[in-house]
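Notes for the structure review
Letter by letter, the chains look like this.
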Amino acid sequence: MDRSCRNNAGYFMTLVGVFRWMDLTGVPAYHTVMKNLLPTLNNSTEVPELIDKVVREGGKGVLNSHGFYEYEPGESEVWEETFKEFTYDIRELALKYPHDIVKQRLREKLLKTEGKCEI
């Protein structure tokens, strides 16, 4: 679970919030997931009204420049380009810090300590 969150939420949350994220990745997809998933998580059988309204009105986020946000002409494309660039940059940074970085560093420290032992 931790690794899943790190590889998903960790990437986008430093650039955008959850509503812009849904605009970037497709509001209808979240609508479908919520429609099918929410009843298994609680007693609710309804998608939240805010998301339902966007989808009913044809909103697909940056795909059609209609979502939670209003987009000026050309703005959706710039958001997509920026998000793609950001994703690659943040992935490169994340790869410098793999999930087992602390264990790796601990091993390195132990090896250095053992190598310094006097005989």
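What this report covers is the structure whose coordinates are included nearby. (Residues numbered from 1 in each chain as written. Predicted model: local features only at pLDDT ≥ 70, side-chain atom pairs only at ≥ 80, totals over all residues. Heavy atoms only, no water.)

Brief notes about helix H6 (residues 75-95)
For H6, built from 21 residues, the straight-helix expectation of 30 Å at 1.5 Å per residue is met to within 8% by its first-to-last C-alpha distance of 30 Å. What H6 keeps buried is the set Ser76, Trp79, Phe83, Phe86, Ile90 and Ala94. The arc that holds every buried residue of H6, seen down its axis, measures 85 degrees, which confines them to one face. Opposite the packed face of H6, turned more than 90 degrees from it, sit the exposed residues Glu81, Lys84, Glu85, Tyr88 and Glu92. (Helix = DSSP H or I, 4+ residues; strand = E, 2+ residues; numbered from the N terminus. Expected span 1.5 Å × (residues − 1). Buried < 20%, exposed > 50% of the residue type's maximum accessible area, 1.4 Å probe, protein only. Arc of directions from axis to C-beta.)

Regarding the nonpolar core
Core analysis: the largest hydrophobic core is formed by ten residues, namely Phe12, Val16, Trp21, Leu24, Val62, Tyr71, Trp79, Phe83, Phe86 and Ile90. Looking at this core, the elements with two or more residues in it are helix H3 (18-25) and H6. Element by element, the count of residues in this core is highest for H6, at four residues. Contact partners of tryptophan 79, with chain neighbours within four places excluded, come to Val16, Arg20, Leu24, Val62 and Tyr71. (Core = buried A, V, L, I, M, F, W, Y, C linked by side-chain atoms within 4.5 Å. Contact = heavy atoms within 4.5 Å.)

Description of the pattern of salt bridges
Evaluation of the coordinates by the stated rule reveals three salt bridges. Between arginine 56 and glutamate 49 there is a salt bridge whose closest N-O contact spans 3.2 Å. Residue class for arginine 56 comes out exposed when judged on its relative accessible area of 53%. Across the pair lysine 53 and glutamate 57 runs a salt bridge, and its minimum N-O distance is 3.0 Å. Judged by relative accessible area, which is 37%, lysine 53 ranks as partly exposed. Here the salt bridges share partners, and the residues they tie into one network are Glu49, Asp52 and Arg56. (Salt bridge = Lys/Arg side-chain N within 4 Å of Asp/Glu carboxyl O.)

Section: the packing of helix H4 (residues 27-41) against helix H5 (residues 49-56)
At a minimum axis separation of 9 Å, H4 and H5 run at an interaxial angle of 130 degrees. Relative to H5, the element H4 lies oblique. Considering the relative orientation of H4 and H5, their crossing is left-handed. For the pair H4 and H5, contact is made by Val27, Pro28, His31 and Met34 and by Ile51, Asp52, Val54 and Val55, respectively. Taken together, the residues of the contact of H4 with H5 sort by class into six nonpolar, one polar and one charged. (Axes fitted to C-alpha atoms, helices over the stretch in contact; angles between N-to-C directions. Parallel < 35°, antiparallel > 145°, perpendicular 65-115°, else oblique. Left-handed = near helix turned anticlockwise from the far one by under 90°. Nonpolar A, V, L, I, M, F, W, Y, C, P; charged D, E, K, R; others polar.)

This is a description of form; function is not addressed.
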